[in-house]
2 protein chains.
Amino acid sequence: MDRTARHSETRYGNRPTMKDVAARAGVGLKTVSRVVNSEPGVTPDTERRVQEAIDALGFRRNDSARVLRKGRTASIGLVLEDLADPFYGPLSRAVEEVARAHGALLINGSSAEDPEREQELVLALCARRVDGLIVIPAGDDHRYLEPEIKAGIATVFVDRPAGHVDVDMVLSDSFGGAREGVAHLIAHGHRRIGFIGDQPRIHTATERLRGYHTAMRDAGITVEDGWVSLGSTEPERVRAAAEEMLSGPEPVTALFAGNNRVTVTAVRVIAERERPVALVGFDDIELADLLGITVISQDAAAVGRTAAEHLFRRLDGADHPTARVELPTTLIPRGSGELPPA
Amino acid sequence: MDRTARHSETRYGNRPTMKDVAARAGVGLKTVSRVVNSEPGVTPDTERRVQEAIDALGFRRNDSARVLRKGRTASIGLVLEDLADPFYGPLSRAVEEVARAHGALLINGSSAEDPEREQELVLALCARRVDGLIVIPAGDDHRYLEPEIKAGIATVFVDRPAGHVDVDMVLSDSFGGAREGVAHLIAHGHRRIGFIGDQPRIHTATERLRGYHTAMRDAGITVEDGWVSLGSTEPERVRAAAEEMLSGPEPVTALFAGNNRVTVTAVRVIAERERPVALVGFDDIELADLLGITVISQDAAAVGRTAAEHLFRRLDGADHPTARVELPTTLIPRGSGELPPA
DNA sequence: CATCCTGTTGACAACGTTGTCCAGGGCCTA
DNA sequence: TAGGCCCTGGACAACGTTGTCAACAGGATG
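The structure presented is a predicted model; accordingly, all values stated were derived computationally and were not measured.

1. Let's talk about the pairing of strand S2 (residues 105-110) of chain A
With six of six residues buried, S2(A) is to be regarded as a mostly interior element. Every second residue of S2(A) is oriented toward a common face, with Leu105(A), Ile107(A) and Gly109(A) on one face and Leu106(A), Asn108(A) and Ser110(A) on the other, all of them buried. Relative to S2(A), strand S1 (residues 75-80) of chain A runs parallel, the two being bridged by six bridges. Bridging from a neighbouring strand, Ser75(A) pairs with Leu105(A) of S2(A). Remark: the S1(A)/helix H6 (residues 88-101) of chain A/S2(A) crossover connection has right-handed handedness. Looking at chain direction, S2(A) and strand S2 (residues 105-110) of chain B are connected through three bridges and run antiparallel. Across the sheet, the residue bridging to Asn108(A) is Leu106(B), located in S2(B).

2. Looking at the pattern of salt bridges
When charged atoms on two side chains of opposite charge get close, those side chains can pair. What the rule picks out here adds up to 54 salt bridges over all chains. The structure contains a network of salt bridges with shared partners spanning Glu81(A), Asp85(A), Glu113(A), Asp159(A), Arg160(A), Asp198(A) and Arg261(A).

3. Digging into the protein's contact with DNA strand D
What surrounds DNA strand D is a group of 25 residues, the closest being Gly28(A), Thr31(A), Thr46(A), Met18(B) and Arg69(B). In this structure, a phosphate oxygen belonging to DNA strand D sits 3.1 Å away from a side-chain N or O atom of Thr43(A). Interatomic distance of 2.2 Å between a side-chain N/O atom of Thr46(A) and a phosphate oxygen of DNA strand D. For the surface near DNA strand D, the element with the most residues is helix H5 (residues 63-70) of chain B, which contributes five residues. Of the residues belonging to the surface near DNA strand D, the class tally is eight nonpolar, nine polar and eight charged.

4. Comments concerning the protein's contact with DNA strand C
The environment of DNA strand C is made up of 24 residues, and the closest members are Arg69(A), Gly28(B), Thr31(B), Arg34(B) and Thr46(B). Of everything in DNA strand C that lies within 4 Å of the protein, sugar and phosphate atoms constitute 62%. In the model, a phosphate oxygen of DNA strand C is placed 2.8 Å from a nitrogen or oxygen of the Ser33(A) side chain. Among the elements of the structure, helix H3 (29-36) and helix H5 (63-70) of chain A together with helix H3 (29-36) and H5 of chain B are those that each provide at least two residues to the surface near DNA strand C. Considering every element that reaches the surface near DNA strand C, the biggest residue donor is H5(A), with four residues.

5. Considering the packing of helix H2 (residues 18-25) of chain B against helix H4 (residues 44-57) of chain B
All names here are of chain B. The N-to-C vectors of H2 and H4 enclose an angle of 120°; their axes lie 9 Å apart at closest approach. By the angle between their axes, H2 is oblique relative to H4. Where H2 crosses over H4, the two elements pack in a sense that is right-handed. Between H2 and H4, the residues in contact are Asp20, Val21, Arg24 and Ala25 and Arg49, Val50, Ala53, Ile54, Ala56 and Leu57, respectively. The class makeup of the residues in the contact of H2 with H4 is seven nonpolar, no polar and three charged.

6. What to know about unusual backbone geometry
Most peptide bonds adopt trans geometry, and most residues besides glycine take a negative phi value. Residue and element names in this part refer to chain A. The residue Asp159 is not glycine, and still its phi comes out positive at about 75°. Tracing the backbone through its elements, the reader meets Asp159 in the loop between strand S4 (154-158) and strand S5 (168-172). The buried category is assigned to Asp159, whose relative accessible area is 8%.

7. Points about the UniProt feature "domain: HTH lacI-type" (unreviewed entry) in chain A
Here, UniProt's "domain: HTH lacI-type" (unreviewed entry) annotation points to residues 16-70 of chain A. End-to-end, the C-alpha atoms of residues 16-70 of chain A are 21 Å apart, and along that stretch the chain is 69% helix and 0% strand.

8. Things to note about helix H9 (residues 174-187) of chain A
What sets the pattern is the α-helix's 3.6 residues per turn: residues three or four places apart point alike. All names here are of chain A. Over its 14 residues, H9 extends 20 Å from the first C-alpha to the last, a length consistent with the 20 Å expected when each residue adds 1.5 Å. Counting buried positions along H9 gives ten out of 14 residues, so the element sits mostly inside the fold. Of the residues flanking the end of H9, it is Gly189, one or two places downstream, whose phi is positive at about 100°.

9. Description of the interface of chain A and chain B
Counting residues at the interface gives 61 residues for chain A, matched by 61 residues for chain B. Together chain A and chain B conceal approximately 5500 Å² of surface at their shared face, both sides included; 54% is due to carbon and sulfur atoms. Connecting chain A to chain B are 14 salt bridges. One salt bridge connects Arg93(B) with Asp82(A), and the closest N-O pair in it is separated by 2.6 Å. The tally of links from chain A across to chain B stands at 26 residue pairs in polar contact (both at pLDDT 80 or more). Looking at the side of chain A that touches chain B, the elements that each hand over two or more residues are H5, H6, S2, helix H7 (115-127), helix H8 (146-150), helix H12 (260-272) and helix H13 (288-291) of chain A. Grouping the amino acids of the side of chain A that touches chain B by side-chain chemistry returns 29 nonpolar, twelve polar and 20 charged.

10. Focus: the environment of Val252(B)
Residue and element names in this part refer to chain B. With respect to the helices and strands, the residue Val252 is situated in the loop between helix H11 (235-246) and strand S8 (254-257). By relative accessible area, which is 1% here, Val252 ends up buried. As a C-alpha pair, Val252 and Gly28 span 224 residues in sequence and 79 Å in three-dimensional space. The contact partners of Val252, leaving out residues within four places of it in the chain, are Arg192, Ile193, Gly194, Trp227, Met245, Leu246 and Arg275.

11. Brief notes about the relation of the copies chain A and chain B
Two chain copies, one operation linking them: a rotation about an axis together with a shift along it. Note on the copies: chain A fits chain B at an RMSD of 0.1 Å, the axial shift is 0.0 Å, and the rotation between them is 180°. Here the transformation between the copies is reduced to the relation of a two-fold axis. Taking the C-alpha atom as reference, chain A places Ile107(A) closest to the rotation axis, 2.2 Å from it. Counting the interface residues of chain A, we find that 100% of their copies in chain B are interface residues as well, pointing to one common contact surface.

12. Overview of the nonpolar core
Proteins that are soluble and globular tend to have nonpolar side chains buried together. Within the largest apolar cluster, 52 residues are counted, with the highest numbers of intra-cluster contacts made by Leu91(A) and Leu91(B). Elements with a minimum of two residues in this core: S1, H6, S4 and helix H14 (300-315) of chain A together with strand S1 (75-80), helix H6 (88-101), strand S4 (154-158) and helix H14 (300-315) of chain B. The contacts of Leu91(A), once residues within four sequence positions are left out, are Ile136(A), Val158(A), Ala300(A), Val303(A) and Gly304(A).

13. Let's talk about the sheet that holds S4(B)
Sheet architecture is open: twelve strands sit in the order S11(A)-S5(A)-S4(A)-S3(A)-S1(A)-S2(A)-S2(B)-S1(B)-S3(B)-S4(B)-S5(B)-S11(B), paired in mixed fashion. Each end of this open sheet is capped by a strand with a single partner; those strands are strand S11 (324-327) of chain A together with strand S11 (324-327) of chain B. Each adjacent strand pair in this sheet contributes to an overall mean axis angle of 20°, direction not counted. By the bridge criterion, four bridges tie strand S3 (residues 132-135) of chain A to S4(A) in an arrangement that is parallel. Across the sheet, Leu133(A) pairs through a bridge with Thr155(A), a residue of S4(A). Lying over the sheet, H6(A) contacts S1, S2, S3 and S4 of chain A together with S2 of chain B, oriented at roughly 170° with respect to S1(A). Set on the sheet, H6(B) makes contact with S2 of chain A together with S1, S2, strand S3 (132-135) and S4 of chain B; between it and S1(B) the angle comes to about 170°.

14. Comments concerning the domain arrangement of chain A
Many descriptions give the size of an interface as the accessible area lost when the pieces come together. Splitting chain A by domain gives domain 1 (2-61), domain 2 (73-172 + 300-328) and domain 3 (174-298). Placing a centre on the C-alpha atoms of domain 1 of chain A and another on those of domain 2 of chain A gives a separation of 38 Å.

15. Focus on the packing of aromatic side chains
The relative placement of two aromatic rings is captured by the distance of their centres and the angle of their planes. Residues and elements named next belong to chain A. Tallying each qualifying case throughout the model produces six aromatic pairs over all chains. For the ring pair Phe87 and Tyr88, a centre distance of 5.3 Å and an interplane angle of 75° mean the geometry is edge-to-face. Look at Phe87 and you get buried, because its relative accessible area is 10%. A cation over an aromatic ring shows up here: Arg208 above the ring of Phe282, its NZ or CZ 3.8 Å from the ring centre.

The rules behind the values
- Residues numbered from 1 in each chain as written.
- Chains lettered and ligands numbered in written order.
- Predicted model: local features only at pLDDT ≥ 70, side-chain atom pairs only at ≥ 80, totals over all residues.
- Heavy atoms only, no water.
- Buried < 20%, exposed > 50% of the residue type's maximum accessible area, 1.4 Å probe, protein only.
- Helix = DSSP H or I, 4+ residues; strand = E, 2+ residues; numbered from the N terminus.
- Pairing = 2+ DSSP bridges.
- Right-handed = clockwise from strand over helix to strand, strands pointing away.
- Salt bridge = Lys/Arg side-chain N within 4 Å of Asp/Glu carboxyl O.
- Near = heavy atom within 4 Å.
- Polar contact = N/O pair within 3.5 Å; in protein donor to acceptor, adjacent residues only side chain to side chain.
- Nonpolar A, V, L, I, M, F, W, Y, C, P; charged D, E, K, R; others polar.
- Axes fitted to C-alpha atoms, helices over the stretch in contact; angles between N-to-C directions.
- Parallel < 35°, antiparallel > 145°, perpendicular 65-115°, else oblique.
- Left-handed = near helix turned anticlockwise from the far one by under 90°.
- Contact = heavy atoms within 4.5 Å.
- UniProt positions renumbered as here; feature names shortened; annotations may be inferred.
- Expected span 1.5 Å × (residues − 1).
- Buried area = accessible area lost by both parts, 1.4 Å probe.
- Least-squares fit on C-alpha atoms with pLDDT ≥ 70 in both.
- Core = buried A, V, L, I, M, F, W, Y, C linked by side-chain atoms within 4.5 Å.
- Domains from an automatic or database assignment.
- Phe/Tyr/Trp six-rings, centres within 6.5 Å; stacked < 30°, edge-to-face > 60°.
- Lys NZ or Arg CZ within 6 Å of the ring centre and 35° of its normal.

Spelled out as structure tokens, the structure:
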């Protein structure tokens, strides 16, 4: 009896709807909706009957339909470079936590640092009608976002500024951090300092390079050819760059690494050398304390949290002009940046 | 003129629909749909007119409505423990890559190792009608998933088995890995070996402990009270456990760390001691090679990829019985596991 | 010239939910 | 006891899209 009933009412692969629940409970469609959404105006007895039908049928509200009707999806999109990068995990988690506090889910996408893929992802998220969007941009032209923003999708850019479009941004002080790190090396007696960074297309890469140049100029040091290398952060590329700077008749005595991936490779290269080489890296790394690596630390979780909070403030109706927040960095001396020139 | 037109047709915060596009292009609704979906049967001239209207209005298809009509959302859900944990970043990224190849987006959720939150997240994803679900379970009873699975949501459990429900699983060989790691320490002369692991509620934690016990028994060693500690992986807890094992008249000479978080803390504690202590950790860690930490490595990306591939195979209609895949682990000797007893 | 076919197009219903509005019954008041 | 009000419950349209089907034009065929 029970088996037969269930079989005829709920075909597998074909979920029961509110209509099915209503039929089984002997009430109207809207009454089921009221129970499901805990709306007032239902007698306890009716509610019980409906609830029983829901449990018996294994009904679950279809949020797709709900979204269509209500206009809000209670979800936000996060487009970043690579979730496997240890800098983005905590950032994403922080965003998720804020979203959760606002009852929203998080859709993640990795652009793999490819502008085309970034656009593809962002537009797919817009098609899903996410309520808001947090983007760590790969490209430098974001005019394609204009219609979406006008249409009401709140947007915050993170870590790097947006190109040709007016949105909220949350950035780290790349310039100031790099300048401080390089000045730190100079203060410990270095003059021949190498800089290895990410591709010049990427805003943080050029900002950090600018910090390097400023620190050098402030100290009256002329940067020689061969001390600066921008490009992919593939280990092979970084290794080659580092080895070249550390060889020759007049090698550099210290390295500044433009981000966490560069730092990791730089540490490996330096470890293979006999002559000690000073190192300061941008971004903190797990276990860096044990290895004694001096870093410029930016708080990834704080960046994510700040961005998400801005986003939801906008979603909750705030209509202030677009803001540009810059979060400070911290120099953490652990030994590698305090070595004297060899 | 242009401004007026745009303003009257497209109110801000109220996106144009296919109906609007149809009106502007002077065609029927369905024709717009055909153009948007690149369906055949539209003359080039009509297509051009529709495309112009689309561009002029900044139209973008509403995938919520599409989903409602088509029944598939082209999205999958991934519930894991904590995206900020370096083990899950690469796993999630691997899942995302497979999803992308199948045209699907990924919705992430962190359970924070809380069974209630896990269930809440999973059910929210089901309400969104994700096509499939990859779950790294926090709880041990998943009967709540039964109606969802019956209703057609493909599900794969990862890293830990599902409780009381028949689904595909992709696991690492926790037992075998731990046994191998402990045997490795024994082979290097250790007999007093401590085990520090995660909460016993977690399947991998008890499996690894089982591997420890088996290796010890195989070597004819009786495990003493105080050599085993299971519990939270908070640094304070792990530190206390490690310090206790390493103190007293007869301290352990080697530690086996049950996961990456435990390993990190264990390395710190050992570094503070004068007497060398051997260490093998479960899970690889960035820079572990430089620190010379011997580990049992599981390939997080491979786990994620395998799980996602299973999921999509099922979504693509395969109807084989539920499978249970167990991926092997690798012991990577780097020094810390080869130290002799002090 | 009638018929058939093919290829393009649009009208309409349906997906599952929620908002609006109205009906009916019970209870209170005069 | 009649009138009015409140409370509960249901009928119906709408959200924006896609699948079905029928209409129509134009060319080929008999």
